[in-house]
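Breakdown of the fold
Below, each chain spelled out in residue letters.
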Amino acid sequence: MRLAFAVFLACALGAKADPIAVTATPLSGLRTGDFGPLMWRGGLELESADAEFGGLSGLALSPDCKSLLAVSDAGRWFKAMLRYDGETLSGVEKTELAPMLDARGRPFKGKVRSDAEAIASVGPGRYLVGFESRPRVGIYDVGKSGFKARLQALKSPKGIAQGPRNAELESVGQIASGPWTDYHFVISESNLDDNGNIRGWLWQGAKTVSFAVKRLGDYAITDAAILEGGDILILERSFSGLFPGMSVRRFPAAAITAGAAVDPTPIFEGSATTHAIDNMEGIALCKFGDETRVTIVSDNNFNTRLQRTLLLQFAYKP
């Protein structure tokens, strides 16, 4: 299974795109180090003189942690090969950027249509991508068509288009085990139910199951990733006060029941005052040797004066 996924990701990342010069500066100092049970394996600040670089909001990694594929909220693909110094993330190379294409094979026009916020692998060469400003979910067959792949719209729950503007769909995925095997899922950013919980949905074909995630303070959910055993990690962001905060929590997908709220277990909570944190928006999992690695990326909102594109990697040993 791991070999098959490695093959499909190698094919996906071999597609033609435009090279882009990206500088990767390793992070060091007092705010780096372990984030609770997330053990530090290196961090980078990514910068480019190209104005099209930035806004990274969704993240996927190859199973061996060597390659990265991200989507931006300006409707672009970003791919890179990751370098390591021993077991520590140390740099990026072969960095490329390409426009995401609509169903007609044309680049998206305008922020409303191009706002890609989440990405997840759903099979050989195929990625599930979620868009927020005009909420919708679709498949890109990057393995077959490279970055000429067109958006193949998926029928998805009507509820994903509801909720506060710019606070709707933020995470997507496909569950691989347990009672919800092969169901797609989406979790909103801060579309709240009557009890103040964050809404989410599972669906398979015409069957839809609504659920919710109990909220942590004023945190909003910005992404999710599925562990090998079927548990879901959620990445959350807070902007209370002057500095951004980040939370990671965990819950079993099997705990989802229709109409009920799951209560995730806290993994980490911290802010930019004490940790290397910015506007953290994307989370992905991979295996580095025997270690489960958690990689997290921030969205700089194309505001290079005030925000940074950070790429952080940790070993997770619960």
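Everything in this summary refers to the structure shown in the same document. (Residues numbered from 1 in each chain as written. Predicted model: local features only at pLDDT ≥ 70, side-chain atom pairs only at ≥ 80, totals over all residues. Heavy atoms only, no water.)

**A look at the environment of L306**
Counting through the fold element by element, L306 comes out in the loop between β22 (291-298) and β23 (309-316). The exposure class assigned to L306 is exposed, which follows from its relative accessible area of 70%. (Helix = DSSP H or I, 4+ residues; strand = E, 2+ residues; numbered from the N terminus. Buried < 20%, exposed > 50% of the residue type's maximum accessible area, 1.4 Å probe, protein only.)

**Side note on the pairing of strand β7 (residues 88-99)**
As paired elements, strand β1 (residues 18-19) and β7 share 2 bridges and run antiparallel to each other. Residue pairing across strands places D18 opposite L97, the latter belonging to β7. Where strand β6 (residues 76-85) lies against β7, 9 bridges are found, and the strand directions are antiparallel. Note on β7: the bridge partner recorded for W77 is A98. The hairpin turn running from β6 into β7, its antiparallel successor, is 2 residues long, and G86 in that turn takes a positive phi close to 70°. (Pairing = 2+ DSSP bridges.)

**Concerning the sheet that holds strand β12 (residues 169-174)**
Strand order in the open sheet formed by 5 strands is β12-β13-β14-β15-β19, with mixed pairing between adjacent strands. On the outer flanks of this sheet lie β12 and β19 (261-262), each paired with one strand and no other. In terms of strand pairing, β12 meets strand β13 (residues 184-192) through 5 bridges, oriented antiparallel. Opposite V172, over in β13, you have V186 as the bridge partner.

**Digging into unusual backbone geometry**
The general pattern is negative phi for most residues beyond glycine and trans for most peptide bonds. Non-glycine residue K94 carries a positive phi angle of around 50°. Inspection of the secondary structure assignment puts K94 in strand β7. Here K94 falls in the exposed class, since its relative accessible area comes to 65%. In the Ramachandran plot, N301 falls in the positive-phi region, its phi being about 55° despite a non-glycine side chain. Mapped onto the elements of the fold, N301 is located in the loop between β22 and β23. Here N301 falls in the partly exposed class, since its relative accessible area comes to 40%.

**Section: the side chain of R249**
In this fold, R249 is placed in strand β18 (residues 245-252). Residue class for R249 comes out buried when judged on its relative accessible area of 3%. A polar atom in the side chain of R249 sits 2.7 Å from the side chain of E236. Excluding residues that lie within four positions of it along the chain, R249 makes contacts with V213, K214, R215, L216, I232, L233, I234, E236, P264, T265, P266 and I267. (Polar contact = N/O pair within 3.5 Å; in protein donor to acceptor, adjacent residues only side chain to side chain. Contact = heavy atoms within 4.5 Å.)

**Quick word on the packing of aromatic side chains**
Inspection of every chain in the model, using the stated rule, returns 10 aromatic pairs. Arranged with centres 5.7 Å apart and planes meeting at 75°, the rings of W40 and F314 form a pair that is edge-to-face. Placement of W40 in strand β3 (residues 38-47) and of F314 in strand β23 is noted, with a sequence separation of 274 residues between them. A single burial state applies to W40 and to F314, both of which are buried. In this structure an aromatic cluster arises from ring pairing among F35, W40, F268 and F314. When the ring centre of F131 is taken as origin, the NZ or CZ atom of R136, which lies over that ring, is 4.3 Å away. (Phe/Tyr/Trp six-rings, centres within 6.5 Å; stacked < 30°, edge-to-face > 60°. Lys NZ or Arg CZ within 6 Å of the ring centre and 35° of its normal.)

**Regarding the environment of P63**
Mapped onto the secondary structure, P63 falls in the loop between β4 (56-61) and β5 (67-72). Counting along the chain gives 229 residues from P63 to T292, while the straight-line C-alpha distance between them is 9.8 Å.

**Some remarks on the nonpolar core**
Counting residues in each nonpolar core, the largest one holds 24 residues, and the members touching the most others are F35, L38, M246 and I296. Secondary-structure elements contributing two or more residues to this core are β3, β17 (231-238), β18, β20 (265-271), β21 (280-288), β22 and β23. Residue contributions to this core peak at 4 residues, all from β23. Formed by 21 residues, the second largest nonpolar core is a distinct cluster that contains L44, L61, L68 and L82. (Core = buried A, V, L, I, M, F, W, Y, C linked by side-chain atoms within 4.5 Å.)

**Structural notes on the pairing of β21**
Of all 9 residues making up β21, 8 are buried, and the element is well covered by its neighbours. Where β21 lies against β22, 8 bridges are found, and the strand directions are antiparallel. By the bridge assignment for β22, C286 is matched with R293. Hairpin remark: β21 followed by β22, antiparallel, with 2 residues in the connecting loop; positive phi at G289, about 65°.

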